[in-house]
Amino acid sequence: MRQPIEEPIFYSYPGMVAVVTSRHEGVQNVMASGWHTYIGSSPGVYGISLRKETYSYELIEKSGVFGVHFLPGHRSEWIQAAGTFSGRDTDKFTRFGIPYEEGIKVSVPILTDAYFAYECKVMEITTYGDHEWIAGEVLQRYQDQKYFLENGMVDLEKLQIPMYTGRSAYRIMDARTEEKIHPFHL
């Protein structure tokens, strides 16, 4: 039975993890972010939540740009590595063999295995608790068309999406995942 609790627990998983790239003066990093969302249109705005102490935050604050990527399930080990190791100590691109290309609109690595990605220019950084909320204007989008249906939805027959469940664990959402159609759907 549901009961009130006093512990400062936050519940937001399972969920998709975005992989954030950054670069400043030739130094680059890749990290995992569990707290992120598309937050506006006209212009498109995407937000990520990072701790100020992270290496990625430092690079993004200095450069004013970042990339956001979504990787398929068979790349969940890269997501885990990006979220486990610090870029201050490890070149994660080299150590884990994460391939990338140069961004078109901003100077950030764009992960070649991402099925969807954004290049963003920082609009605003706001402190909330122990995290910084970084809102970025989306300047460029990337989509691997083979993973999407004509209606814009992902094709789960072709794409496995890693869902982070917490504590370094993932579940895969794919065509075997049960779909619920509700009677209220029009």
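In short, a report on the structure. Just so it is clear, the structure is predicted and the values come from calculations on it, not from any experiment.

1. Structural notes on the environment of methionine 153
So, point 1. On the secondary structure map, methionine 153 appears in the loop between β9 (131–143) and β10 (161–166).
So, point 2. Apart from the residues within four sequence positions on either side, methionine 153 is in contact with Tyr147 and Phe148.

2. Side note on the pattern of salt bridges
So, point 1. In total, this model carries nine salt bridges according to the counting rule given.
So, point 2. Residues lysine 62 and glutamate 58 are paired through a salt bridge, measuring 3.3 Å at the closest nitrogen-oxygen approach. Of this pair, lysine 62 and glutamate 58 both sit in helix α1 (residues 55–63), four residues apart, roughly one helical turn.
So, point 3. Classification of glutamate 58 as partly exposed rests on a relative accessible area of 25%.
So, point 4. Of the charged contacts, one joins aspartate 144 and lysine 146 as a salt bridge, the two residues approaching to 3.8 Å between their closest N and O atoms.
So, point 5. Judged by relative accessible area, which is 26%, aspartate 144 ranks as partly exposed.
So, point 6. Using a relative accessible area of 49% as the deciding quantity, one classes lysine 146 as partly exposed.
So, point 7. Via salt bridges that share partners, Glu58, Lys62 and Arg88 belong to a single interconnected network.

3. Digging into unusual backbone geometry
So, point 1. Note the cis peptide between tyrosine 13 and proline 14, where omega equals 10 degrees.
So, point 2. One can find proline 14 in the segment before β1 (18–24).
So, point 3. In the segment running from serine 42 into proline 43, the intervening peptide bond is cis, with an omega of 5 degrees.
So, point 4. If you trace the backbone, proline 43 turns up in the loop between β3 (36–40) and β4 (45–50).
So, point 5. With phi around 55 degrees, arginine 167 is a residue other than glycine that occupies positive phi space.
So, point 6. One can find arginine 167 in the loop between β10 and β11 (169–173).

4. Notes on the sheet that holds β1
So, point 1. The seven strands are arranged β2-β1-β5-β8-β9-β4-β3 in an open sheet whose pairing can be described as antiparallel. Single-partner strands in this sheet number two, and they are β2 (27–33) and β3. Taken over all neighbouring pairs, the strand axes of this sheet differ in orientation by 35 degrees on average, direction set aside.
So, point 2. Relative to strand β8 (residues 116–128), strand β5 (residues 65–70) runs antiparallel, the two being bridged by six bridges. Bridging across to β8, phenylalanine 66 finds its partner in cysteine 120.
So, point 3. Packing of helix α2 (residues 76–84) onto the sheet brings it into contact with β1 and β2, and relative to β2 it is tilted by some 110 degrees.

5. Re α1
So, point 1. Among the residues of α1, Tyr55, Ser56, Tyr57, Leu59 and Ile60 are the ones counted as buried.
So, point 2. At its buried positions, α1 is contacted by β1, β2, β4, β5, β8 and β9.
So, point 3. Two residues or fewer after α1 comes glycine 64, characterised by a positive phi angle close to 80 degrees.

6. Some points on α2
So, point 1. Burial in α2 covers these residues: Ser76, Trp78, Ile79, Ala81 and Ala82.
So, point 2. Turning to α2, the residues buried within the fold contact β1, β2, α3 (92–95), β10 and β11.

7. Some points on the nonpolar core
So, point 1. Ranked by internal contacts, the top residues of the largest apolar core, which has 22 residues, are Tyr46, Ile48, Phe66, Val68, Phe70, Tyr115 and Tyr118.
So, point 2. Of all elements in the fold, only β1, β4, α1, β5, β8, β9 and β10 reach the threshold of two or more residues within this core.
So, point 3. Not counting residues up to four positions away in its chain, the partners in contact with tyrosine 118 are Tyr38, Tyr46, Phe66, Gly67, Val68, Phe70, Ile110, Val138, Gln140 and Arg141.
So, point 4. Within the second largest apolar cluster, 18 residues are counted, among which are Val19, Val65, Ile79 and Ala82.

Conventions and cut-offs
- Residues numbered from 1 in each chain as written.
- Predicted model: local features only at pLDDT ≥ 70, side-chain atom pairs only at ≥ 80, totals over all residues.
- Heavy atoms only, no water.
- Helix = DSSP H or I, 4+ residues; strand = E, 2+ residues; numbered from the N terminus.
- Contact = heavy atoms within 4.5 Å.
- Salt bridge = Lys/Arg side-chain N within 4 Å of Asp/Glu carboxyl O.
- Buried < 20%, exposed > 50% of the residue type's maximum accessible area, 1.4 Å probe, protein only.
- Pairing = 2+ DSSP bridges.
- Axes fitted to C-alpha atoms, helices over the stretch in contact; angles between N-to-C directions.
- Core = buried A, V, L, I, M, F, W, Y, C linked by side-chain atoms within 4.5 Å.

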